[in-house]
Amino acid sequence: MIPAAFEYFAPKSLDDALRLVERHGDEAKLLAGGQSLIPLMKLRLSVPRYVVDIGRIRSLRSIREEGGWLVIGALSTHHDVESSEMVRLMAPLLAETASEIGDVQVRNRGTIGGSLSHSDPAADYPAAMLALDAQIVAASSSGTRTIHASEFFLDLMTTQLRPGEILTEVRIPRLPERSGSAYRKLHQPASGFALAGAAVRVSLDEVGKIASAAIGITGVAVRPFRASGAEAMLAGKKPSPKLLADASEKVADGVEPLADIHASAAYRRAAASVYARRALEAALARAEGEKG
Amino acid sequence: MATATKLIGKPIKRKEDPRLVQGIAHYVDDLTLPGMLHLGIVRSPYAHARVRSVDVSKALAAPGVVAVLTAEDVQGAIAPIPCAAQIPDMKPAPRPVLATNEVRFVGEGVAAVVAADRYALRDAMDLVEVDYEPLPAVVDLEKALRKDSPRVHDGLADNAAYHWALEGGDVKKAFKQADRVVKLRMLNQRLIPVAMEPRAVLAQYDRGDNRLTLWSSSQIPHILRTQIAAMLNFPEYGVYVIVPEVGGGFGSKLNVYPEEALACHLAIKLEKPVKWNEGRRENFLSTIHGRGESCDMELAVKRDGTILGMRARVLADLGAYYQLLTPLIPTLTGLMICGCYRIQNLSVEITGVLTNKMATDAYRGAGRPEATYFVERAMDAVAAELKIDPAELRRKNFPKPKDFPYATATGLIYDTANYQGALELALKKSGYKALRRQQAALRKKGRLLGIGLSSYVEICALGPSSAMPAGGWESATIRIEPTGRVRVLTGSSPHGQGEETSFSQIAADMLGVGLDDVIIVHGDTSAVPYGIGTFGSRTLAVGGTAIYRCCEKLRDKLLKIAGHLMQEDPAKLVLRAKQIVSKRDPKKSISFAETVGAAYTAKTLPPGVEPGLEATHFYEPSNFTFPFGTHVAVVEVDRETGEVKLVKYVAVDDCGNLINPLLVEGQVQGGIVQSIGQAMLEEAVYDDQGQLLTGELMDYAIPRAADVPKLETFHTVTPTPVNPMGVKGVGEAGTIGATPALVNAVVDALAPFGVRHLDMPLKRERVWKAIHQAPSESAGRPRRSK
Amino acid sequence: MGVAIHLQVNGKSCQDEVEPRLLLVHYLREHLGLTGTHVGCETSLCGACTVLVDGRAVKSCSMLAVQADGAEITTIEGLTSTPEANGGLHPVQEGFWEKHGLQCGYCTPGMILSAVELLRENPSPSDAQIRRALAGNLCRCTGYQHIIEAVEYAAKKLRARKR
Ligand SMILES: Cc1cc2nc3c(=O)[nH]c(=O)nc-3n(C[C@H](O)[C@H](O)[C@H](O)COP(=O)(O)OP(=O)(O)OC[C@H]3O[C@@H](n4cnc5c(N)ncnc54)[C@H](O)[C@@H]3O)c2cc1C
Ligand code: FES
Ligand code: FES
């Protein structure tokens, strides 16, 4: 219940924060909303020597449009994202996903930057990031770089972020016309995390065929992934129940699902298919309604 | 009832709530004393290991640390945890307060660290170095009983703690006459009680008075006092146990724990107040668990559904050591195994099994949910096999209302019941017939609706002392103070059930005063008479009756005094609304205040009447009470994922007369939801090393608000003749009646797949597997029936 | 090595020097003596420790006291002095009393504060919305039904007042 002692910094600017993480390297931990880090510290599964609380860097908590991109600052809370009009308009999938994370209290504190950096294999956001082809921006004292979501998640709780880097924002490209999206999730009953979560974006062409589909899956494997086989089956086809069912069957092809007391590998695989199909159905209905 | 009823029977808002909703009530952890130290327990990470050495030197040197104790330091000073249950030929398995030489479950205490504050304490606990030599762990019940199994306790012949058996009627003949024998093997899984307030203890010693005060989050303040005095060999008159607010117990605080004794021992030794508060993970490991019984049941049946006989063999997972009632709980399963059916030929064998796990003990329902589950599942298996409607099968085997008092083959006397009445009401309220039609229609479309019934009877108001390990009576003292206010001292120890309100209702009505004129005092052993405590749905029926009897005594005395003052025959007087009024001439009256005043000024008392207004009653019940009811659960199973949606829930309970329907409703709702937890979500899962894999709320799911629908609850009222208010008790009904209804519903939903039984919890994957591995259906695709 | 913090708790200004690792819940309970905020777990799951930080429900066991520097905090003890309370109990507290929304009372302060946030955001929540909003608060006693009714009672009362 009680974290080990640490030294605490609360920089007010990104530059100050970058200087601190550079100076303390591996021994420093960034603290954002604390909804993953503090529980770990309380169990002493994480015992940082220095904690750099970036929660006071105002500039990192913003949601804005920039040249057609939706730009979400790393410190935007799940609640900020779920309730933002701009997100609902430009990337409704993200708002829907945010609303499925944890509970009200967690959404009030937890941040998008923290969730992506932490990269829990059962976290919700990563699926949406993949399905939306998001770009993740990381800053370090030597400048910033942009990482495509598909390259960001490396392994169990491991991302492209390097020590000394701070995730500053997430950039979401504009959706094509006639797009629809949906997130469907099977909750782990105790923790509320995803046992299987499917974030889907589909876009239709003028004749109602699927121009492109993107399916991000979380909770199933050590890292979130795009169901590219299923996406390929959908592209260019006229949607039908059979097509959706056949494509969904394939979503976890080629991945090795996780197994634990909450679900076996076989069940995770099956649940991923079912939830992907349900997300596809909902996304298509929305695309057909042109609500996006 | 003798008095004009004003408050009894009404849904009175609770008196305890204003302080609780404002956050100004106090639980143990809210208390702070000057100079207070904090105690922490270093616990074993192994289920079974030899303790080679414990090195406390680094911990002792850490900042803020005051003391570190190991088993050696308390040997001879603190006796093991008491077990009040004795079963013939039971093997000994006493729990030392700190492990000596060997640890026998994950979470067993090895060292006690005391420090100036929580933070320093936490740091120091990591510095205690224990050298363990892991030993093979005993986890699985069947394997535990094999000859070649490792022993939980060296030197015992085997891991069977005891064999308990009971036989009634002629079982052999019943099975010979049977058209069919229906067999079912079932598991009632181990559960973790999860009271929202973990345990907490604060001990203070005053050397001047040689007085030891123990604040504990407990359901049994007096028993705790006696046991602590005995464990520490401290004079009982010097031990003061105080139980402030308790954040839920469900049986988990009906016990005596090492931390209580250790905190007291340390407070004496250090002459400083010592507080211990349990973390949730500790709570999962080292507070008692519940259930953990498996059963092989056979029912001998006639083709028409008549049950002729029953055989049941139960294995009960006791854990590594006995807590207060550990061995007793499974025997309650034995006593109630025939449920609410006329099964006069039966045999039950129970084997208590020692395993390398935390002890099981009384968790809400304590032995009866297991019995009810087993018999109700088996009844559904019979119904399915004979193709008889489950409602019809139950109806057929109920004893009739005129058969009560009804003697069971297990030796109990059921007080009174109308099982048919509750069943019919439940069928009507749930629209049972229509549901069956709907089910058939949905099945044609490939949808899986399931309807489950459970008719239960439970044993409550524990109980006559002859049948209880440590007395089954309850006490009350009532004092009418000179100003006319009424102080009720009860030996019961309510902790959320609301008896401050229901007891006030009883006293106010009986004495003709207002609700706010009454105060209920409980949980302070120096203030209230010796009592047994709150568990076994006994508080109202036994503790409440003690109050009722005290009120009768006081009322008689008041009428005598008033009669003397009014020159009226006391038999012709009644007490009401703070007046004592003549029945013959309602204009003739004297005020309650004046009468009370006369009792204290003692100048105008009738001859032979003592001054003052105080009465004490120790109420000894003549029997248990046996509440009953029928629950109906309606579920829909998602055939693709195995998710179960509870569509509708109808509960009909009969707990006799209702003193406060609001409180009854609260108990029923809460109990059913705990039951939903057992049926759908909860299980203490161990690996084969004896590690608890569901050791925290991240992995052990208890129901949340969104997991449950609105429950529809109804009552039939069959007052018990056992006590004067005709109340039976309702604290555990929900956890007893609901579990089988849910499982029966899910199994019913899966009937098209030939599923006969599924063990709890009905996790999605388990249900999904049952569908997808079913022989009669291919890969779960909807099959259109012709 | 203490860090200076300055915050408002239930309308009162509090200045302190605290260890950075001090959890907000311990600061409230042990430094300020506000023991109405409870602790029911160490994995941020039970919600017994819920308080309002700048008006939003937060689990105070999952926040450091230093993170609350500059914040405005409302604990259960402060609800009666909010404008909604009108000098008496807050309508949510009243609802819990009226509708038997509590038994042991341990989860209650957290439940009430979560409900207060909900009703500030959504004055007329549906049954399902209330259940969802309380997902972060566990209750082992009530079975939730009466809690839902308590929140509905409060919603109605607050709406009537606004009219
Ligand atoms: C009860 C509970 C239930 C939950 N349920 C869910 C759920 O259903 N779905 C889900 O997805 N999540 C869930 N979460 C996790 C939650 O979403 C966390 O908020 C999120 O994972 C972390 O965000 P944070 O801002 O709190 O990060 P912190 O806890 O502050 O940090 C997490 C990690 O990320 C690092 N970090 C933080 N910000 C940055 C940054 N900008 N740049 C680089 N590194 C950074 C930190 O150093 C740390 O290692 C739950 C949490 C709890 C407590
Ligand atoms: S104490 Fe359980 S969530 Fe904070
Ligand atoms: S009232 Fe006891 S936990 Fe909610």
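Definitions and cut-offs
Residues numbered from 1 in each chain as written. Chains lettered and ligands numbered in written order. Predicted model: local features only at pLDDT ≥ 70, side-chain atom pairs only at ≥ 80, totals over all residues. Heavy atoms only, no water. Helix = DSSP H or I, 4+ residues; strand = E, 2+ residues; numbered from the N terminus. Rg over C-alpha atoms; globule rule 2.2 N^0.38 Å. Buried < 20%, exposed > 50% of the residue type's maximum accessible area, 1.4 Å probe, protein only. Contact = heavy atoms within 4.5 Å. Lys, Arg positive; Asp, Glu negative; His and termini not counted. Charge placed at Lys NZ, Arg CZ, Asp CG, Glu CD. Core = buried A, V, L, I, M, F, W, Y, C linked by side-chain atoms within 4.5 Å. Buried area = accessible area lost by both parts, 1.4 Å probe. Salt bridge = Lys/Arg side-chain N within 4 Å of Asp/Glu carboxyl O. Pairing = 2+ DSSP bridges. Right-handed = clockwise from strand over helix to strand, strands pointing away. Axes fitted to C-alpha atoms, helices over the stretch in contact; angles between N-to-C directions. Polar contact = N/O pair within 3.5 Å; in protein donor to acceptor, adjacent residues only side chain to side chain. Near = heavy atom within 4 Å. Nonpolar A, V, L, I, M, F, W, Y, C, P; charged D, E, K, R; others polar. Arc of directions from axis to C-beta. Parallel < 35°, antiparallel > 145°, perpendicular 65-115°, else oblique. Left-handed = near helix turned anticlockwise from the far one by under 90°. pLDDT = per-residue confidence, 0-100. Domains from an automatic or database assignment. Patch = residues over 30% accessible without salt bridge, like charges linked within 9 Å, V, L, I, M, F, W, Y side chains within 5 Å. Areas by Shrake-Rupley, 256 points an atom, 1.4 Å probe, with all protein chains shown as cover.

1. Examining the overall build of chain C
Then, in step 1: Assigned secondary structure in chain C consists of five helices and five strands.
Then, in step 2: Starting at the N terminus and walking to the C terminus, you meet the elements of chain C as β-β-α-β-β-β-α-α-α-α.
Then, in step 3: Relative to the 2.2 N^0.38 estimate, which gives 15 Å for 163 residues, the radius of gyration of chain C is 16 Å and therefore close to what a compact globule would have.
Then, in step 4: Projected onto its principal axes, the C-alpha positions of chain C cover 50 × 35 × 25 Å.
Then, in step 5: In chain C, which comprises 163 residues, the proportion classed as buried is 68%.
Then, in step 6: For chain C, restricting intrachain contacts to residue pairs at least 6 apart in sequence, the fraction spanning at least 24 positions comes to 56%.
Then, in step 7: Placing the 16 positive and 17 negative side-chain charges of chain C at their respective mean positions leaves the two points 9 Å apart.

2. As for the nonpolar core
Then, in step 1: Counting residues in hydrophobic clusters, the biggest one holds 198 residues, and the most contacted among them are Met297, Leu346, Tyr414, Tyr419, Tyr649 and Leu750 of chain B together with Phe96 of chain C.
Then, in step 2: Not counting residues within four places of it along the chain, the set of residues in contact with Leu346 of chain B comprises Leu166, Glu167, Gly168, Val171, Met310, Ile337, Cys338, Ala409 and Thr410 of chain B.
Then, in step 3: Of all hydrophobic cores here, the second largest spans 50 residues; its members include Ala461, Val488, Val513 and Ala615 of chain B.

3. Concerning the interface of chain B and chain C
Then, in step 1: At the junction of the two partners, chain B supplies 53 residues and chain C supplies 47 residues.
Then, in step 2: Buried surface at the junction of chain B and chain C, summed over both partners, amounts to about 4400 Å²; 57% is from carbon and sulfur atoms.
Then, in step 3: Our count for the contact surface shared by chain B and chain C stands at six salt bridges.
Then, in step 4: Arg140 of chain C is the salt-bridge partner of Glu682 of chain B, the closest N and O atoms lying 2.8 Å from each other.

4. Looking at the pairing of strand E27 (residues 644-654) of chain B
Residues and elements named next belong to chain B.
Then, in step 1: Pairing of strand E26 (residues 628-637) with E27, which is carried by 10 bridges, proceeds in the antiparallel orientation. From the neighbouring strand, Thr630 faces E27, where its bridge partner is Val652.
Then, in step 2: Connecting E26 to the next strand, E27, in antiparallel fashion are six residues, including Gly642 with a positive phi near 80 degrees.
Then, in step 3: Where E27 meets strand E28 (residues 712-715), four bridges bridge the pair, whose relative direction is parallel. Bridging from a neighbouring strand, Val650 pairs with Glu712 of E28.
Then, in step 4: The parallel pair E27 and E28, bridged by helix H18 (residues 661-681), forms a crossover whose chirality is right-handed.

5. Digging into the sheet that holds E28 of chain B
All names here are of chain B.
Then, in step 1: Reading across the sheet, the four strands line up as E18-E26-E27-E28 and stay open at both edges, with mixed pairing between neighbours. Looking along the sheet, the strands with just one partner apiece sit at the ends: strand E18 (448-457) and E28. Taking each pair of neighbouring strands and ignoring which way they run, the sheet shows an average axis angle of 15 degrees.

6. Some points on the side chain of Glu197 of chain B
Then, in step 1: The residue Glu197 of chain B is located in the loop between strand E8 (180-191) and strand E9 (200-206) in this model.
Then, in step 2: Using a relative accessible area of 2% as the deciding quantity, one classes Glu197 of chain B as buried.
Then, in step 3: A distance of 2.6 Å separates polar atoms of two side chains, one belonging to Glu197 of chain B and the other to Ser217 of chain B.
Then, in step 4: For Glu197 of chain B, the side chain forms a polar contact with the main-chain nitrogen of Gly247 of chain B, separated by 2.8 Å.
Then, in step 5: Those residues in contact with Glu197 of chain B, other than ones at most four positions away along the chain, are Tyr27, Val28, Ser217, Glu245, Val246, Gly247, Lys253 and Arg280 of chain B together with Tyr106 of chain C.

7. Quick notes on the site of ligand 1
Then, in step 1: Around ligand 1 lies a shell of 33 residues, among which Leu30, Gln35, Leu37, Thr111 and Asp124 of chain A are the nearest.
Then, in step 2: Neighbouring residues of ligand 1 are distributed over chains A and C.
Then, in step 3: The backbone of Leu30 of chain A places a nitrogen or oxygen atom 2.6 Å from an oxygen atom of ligand 1.
Then, in step 4: Within the residue set of the shell around ligand 1, elements represented by two or more residues are strand E2 (28-31), helix H7 (112-118) and strand E10 (166-172) of chain A.
Then, in step 5: Element by element, the count of residues in the shell around ligand 1 is highest for H7 of chain A, at five residues.
Then, in step 6: Among the residues making up the shell around ligand 1, the classes are represented as 13 nonpolar, 16 polar and four charged.

8. A word on helix H17 (residues 592-601) of chain B
Residue and element names in this part refer to chain B.
Then, in step 1: For H17, every residue scored as buried is listed here: Phe592, Thr595, Val596, Ala598 and Ala599. Buried residues of H17, seen end-on, are gathered within an arc of 155 degrees and therefore sit on one face of the element.
Then, in step 2: Where H17 is buried, its residues meet strand E19 (474-480), helix H15 (499-511), helix H16 (539-566), strand E22 (573-576), strand E23 (579-582) and strand E24 (589-591).
Then, in step 3: One or two positions beyond H17, positive phi appears at Ala602, with a value near 55 degrees.

9. Brief notes about the interface of chain B and chain A
Then, in step 1: With 24 residues of chain B in contact, the opposing surface of chain A contributes 22 residues.
Then, in step 2: Counting the surface lost from both chain B and chain A, the interface buries some 2100 Å², and carbon and sulfur atoms represent 52% of this.
Then, in step 3: Considering only the surface of chain B that becomes buried against chain A, Glu640, Arg764 and Glu765 of chain B emerge as the three largest contributors, covering 26% of it.
Then, in step 4: Inspection of the region where chain B meets chain A yields five salt bridges.
Then, in step 5: Across the salt bridge formed by Asp123 of chain B and Arg44 of chain A, the nearest N and O atoms sit 2.7 Å from each other.
Then, in step 6: At the surface where chain B touches chain A, the tally comes to 11 residue pairs in polar contact (both at pLDDT 80 or more).
Then, in step 7: Broken down by secondary-structure element, the contributors of at least two residues to the side of chain B that touches chain A are helix H4 (118-125) and helix H20 (764-772) of chain B.
Then, in step 8: Here the element with the most residues in the side of chain B that touches chain A is H4 of chain B; it accounts for four residues.
Then, in step 9: Of the residues contributing to the side of chain B that touches chain A, the split by class is nine nonpolar, two polar and 13 charged.

10. A few points about the sheet that holds strand E25 (residues 614-619) of chain B
Pairing between the strands of a sheet is mediated by backbone hydrogen bonds and can be parallel or antiparallel.
Residues and elements named next belong to chain B.
Then, in step 1: Reading across from one edge, E21-E20-E19-E25 is the order of the four strands in this open sheet, with mixed pairing throughout. If you trace the sheet from one side to the other, it starts and ends with strand E21 (518-521) and E25, each paired once. Adjacent strand axes in the sheet meet at a mean angle of 15 degrees when their direction is disregarded.
Then, in step 2: Along the sheet, H15 makes contact with E19, strand E20 (486-490) and E21, crossing E21 at roughly 135 degrees.

11. Looking at the packing of H15 of chain B against H16 of chain B
Residue and element names in this part refer to chain B.
Then, in step 1: Running from N to C, H15 and H16 cross one another at 25 degrees; their axes reach a closest spacing of 9 Å. With respect to their mutual orientation, H15 and H16 come out roughly parallel. When the axes of H15 and H16 are compared, the crossing they make is right-handed. Residues Glu499, Ser502, Phe503, Ile506, Ala507, Met510 and Leu511 of H15 form the contact with H16, whose own contacting residues are Thr539, Leu540, Gly543, Gly544, Ile547, Tyr548, Cys551, Glu552, Leu554 and Arg555.
Then, in step 2: Broken down by class, the residue content of the contact of H15 with H16 amounts to 10 nonpolar, four polar and three charged.

12. A closer look at the confidence of the model for chain C
Then, in step 1: In the predicted model, chain C carries a mean pLDDT of 96, and 99% of its residues have values of at least 70.
Then, in step 2: Complex prediction metrics read pTM 0.95 and ipTM 0.97.

13. Some details on the domain arrangement of chain B
All names here are of chain B.
Then, in step 1: What the domain assignment reports for chain B is domain 1 (31-135 + 212-248 + 253-271), domain 2 (290-462 + 623-772) and domain 3 (473-619).
Then, in step 2: Between the C-alpha centres of domain 1 and domain 3 the distance comes to 42 Å.
Then, in step 3: Across the contact, 17 residues belong to domain 1 and 15 residues belong to domain 3.
Then, in step 4: In this structure, the connection of domain 1 to domain 3 is made through zero salt bridges.
Then, in step 5: Between domain 1 and domain 3 we count five residue pairs in polar contact (both at pLDDT 80 or more) in total.

14. Topic: a nonpolar patch on the surface
Then, in step 1: Together, Leu156, Met157 and Val222 of chain A give the surface a local cluster of nonpolar side chains, amounting to about 230 Å² of exposed area.
Then, in step 2: Structurally, Val222 of chain A is set in the loop between strand E13 (210-218) and strand E14 (225-226).

15. Let's talk about the domain arrangement of chain C
Residue and element names in this part refer to chain C.
Then, in step 1: Segmenting chain C into domains produces domain 1 (3-78) and domain 2 (79-162).
Then, in step 2: Taken over C-alpha atoms, the centre of domain 1 sits 21 Å from the centre of domain 2.
Then, in step 3: At the interface, 20 residues of domain 1 touch 19 residues of domain 2.
Then, in step 4: In this assembly, domain 1 packs against domain 2 so that about 1500 Å² is buried in total across both faces, 51% of it on carbon and sulfur atoms.
Then, in step 5: Area buried by domain 1 at its contact with domain 2 is led by His38, Leu52 and Ile76, which between them contribute 33% of it.
Then, in step 6: Between the two partners, domain 1 and domain 2, sit two salt bridges.

16. Overview of the pattern of salt bridges
Then, in step 1: Scanning the entire structure with this criterion turns up 88 salt bridges over all chains.
Then, in step 2: Between Arg286 of chain A and Glu96 of chain A there is a salt bridge, with the nearest N and O atoms lying 2.9 Å from each other. With Arg286 of chain A in helix H12 (residues 265-288) and Glu96 of chain A in helix H5 (residues 92-99), this pair connects stretches of sequence that are 190 residues apart.
Then, in step 3: A relative accessible area of 30% places Arg286 of chain A in the partly exposed class.
Then, in step 4: In this structure, Glu385 of chain B engages Arg180 of chain B in a salt bridge whose closest nitrogen and oxygen atoms are separated by 4.0 Å. Of the two residues, Glu385 of chain B sits in helix H11 (residues 368-386) while Arg180 of chain B sits in strand E8, which places them 205 residues apart along the sequence.
Then, in step 5: On the basis of relative accessible area, Glu385 of chain B is assigned to the partly exposed category, the value being 27%.
Then, in step 6: One salt-bridge network, held together by shared partners, links Arg44 of chain A, Arg122, Asp123 and Asp126 of chain B together with Glu19 and Arg21 of chain C.

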